[in-house]
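As a plain string of letters, each chain reads:
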Amino acid sequence: MLVKPLLSDLVKNEKLLNLYLLYLRLGWEHYTKKGISTEIKAEKIRLLEKAIRRGCKLKSNLVCQLEQEFLRENLSLYLLLEPLAAWRYLATGKLPTSEAQMSDVLGNIISPLARLLMVLNDETPSTYLPMQSMLTALILLQMLQDKDVFLQKLKWRKKRQLSKLRGLCRDGSVILSVVKTKRVKYRLVVLLNSLVLLTEKYAKNEQLTIEFLDAVRIFVYSICQFLFVKKQTVTKKGI
């Protein structure tokens, strides 16, 4: 699993991050699961939306726990509602046949996660899109490694996959010049360099793991970038 280890240092409220990642994972797994009719899945989504909007009363329920954490952090419940659009698509049994369709579905999952991470760090909206780019690269790497069924209908040659991953890393690197706090900046530098390294490992058909020497390389590159990438204003970057 690539996602959770690489994101765990980004927020102080690790409980909320773990609950939200679990919420996204369980939803994805449930609504792609075969053997359950489209009608039943659609009804479950309707009931889930109703529970989120009205407030869940079962304290042991995952949604209830998330709502309590959201209340503590003063977060909008829309972050719980937005992934439902992706799950509705998955519940129909459809799979994307184009990169645009894939990006639309993943965007409904990844965009709220990116905003959650940045809001928890008191960062500005200028960080949301580059954060989303990095998260998309991370999740695509995970899916490609797992040969996820979600990607099976895409006519997506490896050259195009690598172009997409490298482009996402490049788009994500913008965040280093607009992020406010040094603590968050360093952790984002580490995430970015981890993504670049994992992308190159994927290009070489190597296992997507970070070994000791890889961690040393990431640390050295990250220190250099942290020291030399200067903060720029939102206006100057044109974001």
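Refer to the structure above for everything that follows.
These figures come from a predicted structure and were not determined experimentally.

Reading the values: rules and limits
- Residues numbered from 1 in each chain as written.
- Predicted model: local features only at pLDDT ≥ 70, side-chain atom pairs only at ≥ 80, totals over all residues.
- Heavy atoms only, no water.
- Helix = DSSP H or I, 4+ residues; strand = E, 2+ residues; numbered from the N terminus.
- Axes fitted to C-alpha atoms, helices over the stretch in contact; angles between N-to-C directions.
- Parallel < 35°, antiparallel > 145°, perpendicular 65-115°, else oblique.
- Left-handed = near helix turned anticlockwise from the far one by under 90°.
- Contact = heavy atoms within 4.5 Å.
- Nonpolar A, V, L, I, M, F, W, Y, C, P; charged D, E, K, R; others polar.
- Expected span 1.5 Å × (residues − 1).
- Buried < 20%, exposed > 50% of the residue type's maximum accessible area, 1.4 Å probe, protein only.
- 1 Å grid on protein atoms, 1.4 Å probe; cavity = no way out; pocket = protein on both sides within 12 Å on 5 of 7 lines; lining within 4 Å.
- Points joined across faces, edges and corners; volume = space filled by probe spheres on them.

(A) Seen up close, unusual backbone geometry. We note that N74 has phi near 60°; this positive angle belongs to a residue other than glycine. One can find N74 in the loop between α4 (62-73) and α5 (78-81). With phi around 50°, K147 is a residue other than glycine that occupies positive phi space.

(B) Up close: the packing of helix α7 (residues 99-120) against helix α8 (residues 128-146). Taken N-terminus to C-terminus, the directions of α7 and α8 make an angle of 125°; their axes are 8 Å apart at the nearest point. With respect to α8, the element α7 is oriented oblique. Viewed along their axes, α7 and α8 form a crossing whose handedness is right-handed. Within the contact between the two elements, α7 uses M102, L106, G107, I110, S111, L113, A114, R115, L117, M118 and V119 and α8 uses Y128, M131, Q132, L135, T136, I139, L140 and M143. The class makeup of the residues in the contact of α7 with α8 is 14 nonpolar, 4 polar and 1 charged.

(C) Spatial organisation of α8. Counted at 1.5 Å a residue, the expected span for α8 with its 19 residues is 27 Å, and the 27 Å between its end C-alpha atoms agrees. Burial within α8 is extensive, with 15 of its 19 residues counted as buried. One or two positions beyond α8, positive phi appears at K147, with a value near 50°.

(D) Structural detail: the layout of surface pockets. Of the volumes computed, that of the largest pocket is approximately 880 Å³. As for the largest pocket, its lining consists of 36 residues, of which R25, W28, E29, M143 and D148 are closest to the centre. A per-element tally of the lining of the largest pocket places helix α2 (residues 14-31) first, with 8 residues. Considering only residue class, the lining of the largest pocket consists of 18 nonpolar, 8 polar and 10 charged. Reported here for the second largest pocket is a volume of approximately 330 Å³. Looking at the second largest pocket, it is lined by 14 residues, and the ones nearest its centre are Y23, Y31, L48, V63 and W87. Put simply, the parts of the chain that give the lining of the second largest pocket at least two residues each are α2, α3 (38-54) and α4. By residue number, the principal contributor to the lining of the second largest pocket is α2, which donates 5 residues. In terms of residue class, the lining of the second largest pocket is made up of 10 nonpolar, 3 polar and 1 charged.

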